[in-house]
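Residues per chain, in single letters:
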Amino acid sequence: MAFLVFLTLLVSLVSAAPLIRLAPKHAGYYGYAKLQRFHSGDVPRLGGINVFLGLAVGWAYAALAANWGSSLNVQVSWSSAWPWFLVALPALAAGVYEDVTQRVSVRDRLLLTAVSAVMACSLLDASVSRLGVPMLDAWLTTVPWVGVALAFLAVCGLPHSFNIIDGYNGLAAIVAILACLAIAYVALLMGDRELAAMVICLAGATGGFLFWNYPRGLLFAGDGGAYLWGVVVALASILLVQRHAPVSPWFPMLLLIYPVWETIFSIYRKLARGGSPGVADTLHFHQLIYRRIVRGVFHDDAARRMLMRNNKTSPYLWGFTSLTVAPAVLFWNNTPVLMLFCAMFVASYLAGYFMIVRFKVPRWLRR
């Protein structure tokens with residue numbers, strides 16, 4: 001496993017350099033009028049490409065290692081690895097093309113992530129067969145198509161959730177790494193070295209991207225990177241619960257509740273104001289923290305000041321995310337406790353959100 005981390009990190013790290021050097025022109029399409037823009041200058045949004053390159057090399061090596069006499073002992077075969085490649089490609093292609101052209105509509109991107117979801121359900125038989133509630137679980141056994149629909153919704157929706165939280169340097173990347181490491185840990189407890197290897201490769205490839213993204217902000221993940229994280233993490237979460245009965249279905253729910261709840265609340269917030277859920281705004285939790293909590297950044301150069309303020313925003317959300325990742329890992333097989341922590345997160349999120357909106361943030365949080 002350690003070698004896979006090193007290999008994927010190295011490939012991702014090295015392949016990012018030419019993207020930064022040779023592909024800055026397309027970044028000019030992401031103009032200063034964009035609501036989500038919190039950086040100065042034109043930064044390539046092609047991080048999804050180098051993450052995928054590192055991930056692909058890791059998956060391919062893991063699948064072919066046995067043929068080369070390697071002793072990785074990850075139990076990955078080519079027949080089990082190639083569907084992951086195919087599932088990831090449509091969502092990645094949609095995101096990267098949008099990053100390059102800024103011309104792909106929300107509907108078209110949603111359709112392509114839906115293609116990835118369909119392929120996940122058909123090629124890997126992904127299905128949500130348990131919800132951790134006895135009555136609902138009994139009902140799911142009589143209508144298995146509902147479980148397939150839930151898996152489709154997860155694989156189709158989580159990429160967009162990662163895209164929503166991908167607002168500041170290192171934010172979504174660290175959330176993805178934490179999720180991958182937590183899934184790998186539980187998979188190894190279950191003896192599922194194949195699944196652990198698949199997400200460990202993503203964690204390593206994301207680490208290579210993170211070297212350029214935080215704190216310097218030389219490369220952004222873009223839609224391509226966010227969609228890639230979402231598809232792979234969603235698929236790994238579904239398969240982990242599907243394959244291993246001791247794992248509570250609320251383990252991945254708590255693990256990923258920050259991006260999931262951010263999406264749900266954003267949809268509600270926009271609909272309540274009479275807007276469309278597909279229209280961008282600047283009222284996401286991380287944006288409020290940037291504007292109303294992160295202060296005291298003093299520098300003569302405006303671009304440098306913006307970068308420093310950008311970098312100071314992410315740690316707030318990393319700490320917030322760790323409060324869900326830690327209990328998820330500790331109580332991965334205890335559904336009632338996981339459900340309780342999910343409820344506590346939602347309550348904490350709403351309390352924090354409205355506290356910021358109403359300018360009632362404690363002074364110690366603003367320092």
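One structure accompanies this document, and this report is about it.

### Quick look at the overall build of the protein
Item 1. Looking only at helices and strands, the protein has 14 helices and zero strands in total.
Item 2. Starting at the N terminus and ending at the C terminus, the protein contains elements arranged as α-α-α-α-α-α-α-α-α-α-α-α-α-α.
Item 3. Across the 367 residues in the protein, those meeting the buried criterion constitute 53%.
Item 4. With the model as given, the accessible surface of the protein reaches about 16100 Å², and the carbon-plus-sulfur share is 69%.

### Some details on the nonpolar core
Item 1. Core analysis: the largest hydrophobic core is formed by 107 residues, its most contacted members being Trp-84, Phe-162, Trp-229, Phe-251 and Leu-255.
Item 2. Once residues within four sequence positions are removed from consideration, Trp-84 is found in contact with Trp-59, Leu-124, Leu-195, Met-198, Val-232, Leu-235, Ala-236 and Leu-239.

### Focus on the environment of Ser-129
Item 1. With respect to the element layout, Ser-129 can be found in the loop between helix 4 (106–123) and helix 5 (134–142).
Item 2. Separated by 109 residues in sequence, Ser-129 and Ile-238 place their C-alpha atoms 9.2 Å apart.

### Focus on the packing of helix 6 (residues 144–165) against helix 11 (residues 257–272)
Item 1. Packing of helix 6 against helix 11 brings their axes to within 8 Å, and their N-to-C directions diverge by 90°. Relative to helix 11, the element helix 6 lies roughly perpendicular. Contacts between helix 6 and helix 11 pair Leu-158, Ser-161, Ile-164 and Ile-165 from the former with Tyr-258, Pro-259, Val-260, Glu-262 and Thr-263 from the latter.
Item 2. Across the contact of helix 6 with helix 11, the residue classes tally to six nonpolar, two polar and one charged.

### Some words on the packing of aromatic side chains
Item 1. All told, the structure shown has 19 aromatic pairs when counted by the stated rule.
Item 2. Here Phe-209 and Trp-229 contribute two aromatic rings whose centre-to-centre distance is 5.9 Å and whose plane-to-plane angle is 65°, an arrangement assigned as edge-to-face. With Phe-209 in helix 8 (residues 193–213) and Trp-229 in helix 9 (residues 222–243), the pair connects residues that are 20 residues apart, well separated along the chain. Across the pair, exposure class does not vary: Phe-209 and Trp-229 are buried alike.
Item 3. Ring geometry for Phe-265 versus Phe-354: centroids 6.3 Å apart, planes at 85°, classification edge-to-face. Pair noted here: Phe-265 is in helix 11 and Phe-354 is in helix 14 (residues 335–357), with a separation of 89 residues, a long-range link.

Each value, and the rule that gives it
- Residues numbered from 1 in each chain as written.
- Predicted model: local features only at pLDDT ≥ 70, side-chain atom pairs only at ≥ 80, totals over all residues.
- Heavy atoms only, no water.
- Helix = DSSP H or I, 4+ residues; strand = E, 2+ residues; numbered from the N terminus.
- Buried < 20%, exposed > 50% of the residue type's maximum accessible area, 1.4 Å probe, protein only.
- Areas by Shrake-Rupley, 256 points an atom, 1.4 Å probe, with all protein chains shown as cover.
- Core = buried A, V, L, I, M, F, W, Y, C linked by side-chain atoms within 4.5 Å.
- Contact = heavy atoms within 4.5 Å.
- Axes fitted to C-alpha atoms, helices over the stretch in contact; angles between N-to-C directions.
- Parallel < 35°, antiparallel > 145°, perpendicular 65-115°, else oblique.
- Nonpolar A, V, L, I, M, F, W, Y, C, P; charged D, E, K, R; others polar.
- Phe/Tyr/Trp six-rings, centres within 6.5 Å; stacked < 30°, edge-to-face > 60°.

By themselves these figures say nothing about function.
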